[in-house]
Amino acid sequence: VAAAEPLPERRSLLAAALPFTQALLAQVGRTLARAQAALAWPEGSPPSPPPPPPPCAPLSDADLRTYLGPGGRLLRPHDLRLHVYHGGVEPGLRKVVWRYLLNVFPAGLSGQERLAHLRRKAGEYAALKSLLAARAAPAELALVGAAVRKDVVRTDRGHPYFGGPEEGHPHLAALQALLTTFALGHPRLSYCQGMSDVAAPLLAVLDDEAQAFLCFC
């Protein structure tokens, strides 16, 4: 069966649209050609991904010192973060470096000023923990404590820092206190399942409840 001839009205519309379509395609072609020339792409080839950064060894103590200036002030925080991002940190140095990465210290502090800052924050944390526990209603304290406890007793229990009997375990108690204090201080958020998975490595590396709380917040 022969195909039906297009109606005269349709033929006229197609004829009228043809010059516009051809001009549009030509303009797109010219624009693409200019873009390819500007970006030096071989015609017909997609852009190449940027080259990967050069390999970087884990940050060492000697490396860290290159980012510090007089008095132990951190002079190049961005470069320090890039080094850690590309190479990581030697395990023995994590306790020091994580406090920089997680913004525990205000910018520009000397070594002595950082120690004083940590002592002050430890006192503030102890006061905050006592205040929130005293201010919370018994029912709220019990509810939050039970929710936190469910996760604490099963978080990283295979790790030596959290292994052993639950009763009287100082590190489990510190993780419980840290997360309970956070939940009471943030009642709209409170405690969410999985927060212990974030807080536990901080506590295990820093080995200090107040500093782990600062990093967690």
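Our structure is the block above this text.
Procedures and definitions
Residues numbered from 1 in each chain as written. Predicted model: local features only at pLDDT ≥ 70, side-chain atom pairs only at ≥ 80, totals over all residues. Heavy atoms only, no water. Salt bridge = Lys/Arg side-chain N within 4 Å of Asp/Glu carboxyl O. Helix = DSSP H or I, 4+ residues; strand = E, 2+ residues; numbered from the N terminus. Buried < 20%, exposed > 50% of the residue type's maximum accessible area, 1.4 Å probe, protein only. Polar contact = N/O pair within 3.5 Å; in protein donor to acceptor, adjacent residues only side chain to side chain. Contact = heavy atoms within 4.5 Å. Expected span 1.5 Å × (residues − 1). Core = buried A, V, L, I, M, F, W, Y, C linked by side-chain atoms within 4.5 Å. 1 Å grid on protein atoms, 1.4 Å probe; cavity = no way out; pocket = protein on both sides within 12 Å on 5 of 7 lines; lining within 4 Å. Points joined across faces, edges and corners; volume = space filled by probe spheres on them. Nonpolar A, V, L, I, M, F, W, Y, C, P; charged D, E, K, R; others polar. Axes fitted to C-alpha atoms, helices over the stretch in contact; angles between N-to-C directions. Parallel < 35°, antiparallel > 145°, perpendicular 65-115°, else oblique. Left-handed = near helix turned anticlockwise from the far one by under 90°. Phe/Tyr/Trp six-rings, centres within 6.5 Å; stacked < 30°, edge-to-face > 60°. Lys NZ or Arg CZ within 6 Å of the ring centre and 35° of its normal.

A. The arrangement of the pattern of salt bridges in detail. Evaluated as defined, the whole model comprises six salt bridges. One salt bridge connects K121 with E124, and the closest N-O pair in it is separated by 3.2 Å. Note that K121 and E124 are positioned in helix α5 (residues 111-135) at a spacing of three residues, about one turn of the helix. Relative accessible area serves as the criterion here: at 25%, K121 is assigned to the partly exposed category.

B. Quick peek at the side chain of T155. Within the secondary structure, T155 sits in the loop between α6 (138-152) and α7 (170-185). A distance of 2.5 Å separates a polar side-chain atom of T155 from the backbone oxygen of D151. Non-local contacts of T155, meaning those with residues more than four positions away in its chain, are made with F162, S196, D197 and A200.

C. Representation of α7 in the model. An ideal rise of 1.5 Å per residue puts 22 Å on 16 residues; α7 measures up with 22 Å between its terminal C-alpha atoms. Taking burial as the measure, the 16 residues of α7 include 12 buried ones, the bulk of the element. Of the residues making up α7, those classed as buried are L172, A174, L175, Q176, A177, L178, L179, T180, T181, F182, A183 and L184. For α7, the elements touching its buried residues are α5, α6, α8 (195-206) and α9 (209-216).

D. Structural context of the nonpolar core. With 43 residues, the main nonpolar core has L59, L80, L175, L178, L179 and F216 as its most contacted residues. Mapped onto this core, the elements with two or more residues apiece are α3 (77-87), α4 (94-101), α5, α6, α7, α8 and α9. Here the element with the most residues in this core is α7; it accounts for nine residues. Residue contacts for L178: discarding those within four places in its chain leaves Y125, A199, E209, A212, F213 and F216.

E. Representation of the layout of surface pockets within the structure. Taken as a whole, the largest pocket spans an internal volume of roughly 200 Å³. Around the largest pocket, the lining is made up of 13 residues, and of these L74, P77, Y100, F105 and A107 lie nearest the centre. At the level of secondary structure, the elements contributing two or more residues to the lining of the largest pocket comprise α3 and α4. The element contributing the most residues to the lining of the largest pocket is α3, with three residues. When its residues are assigned to classes, the lining of the largest pocket shows nine nonpolar, two polar and two charged.

F. Summary view of the packing of α5 against α9. Between α5 and α9, the least distance of the axes is 9 Å, while the angle of their chain directions is 85°. As summarised for this structure, α5 and α9 are arranged roughly perpendicular, according to the angle between their axes. Across the interface between the two elements, L118, K121, A122, Y125, L128 and K129 from α5 touch E209, A210, Q211, F213 and L214 from α9. Split by residue class, the contact of α5 with α9 holds seven nonpolar, one polar and three charged.

G. Spotlight on the packing of α5 against α7. For the pair α5 and α7, interaxial distance at closest approach is 10 Å and the crossing angle is 65°. As for how α5 packs across α7, the hand of that crossing is left-handed. On the side of α5, the interface is formed by Y125, L128, K129, L132 and A133, while α7 contributes A177, L178, T181, L184 and G185.

H. Highlighting the packing of aromatic side chains. Inspection of the entire model under this criterion finds four aromatic pairs. Pairing Y125 with F213 gives two aromatic rings, centres 4.8 Å apart and planes at 40°, and the pair type is tilted. Taken together, the residues Y125 in helix α5 and F213 in helix α9 connect sequence positions 88 residues apart. Like Y125, the residue F213 is buried in the burial classification. It is R114 that lies over the ring of F105; its NZ or CZ is 5.8 Å from the centre.

I. Examining the environment of F182 more closely. Mapped onto the elements of the fold, F182 is located in helix α7. Residue class for F182 comes out buried when judged on its relative accessible area of 9%. Note: C-alpha distance between F182 and L132 (50 residues apart in sequence) is 9.4 Å. Those residues in contact with F182, other than ones at most four positions away along the chain, are L189, S190, M195, F213, F216 and C217.

In short, geometric facts, not functional conclusions.
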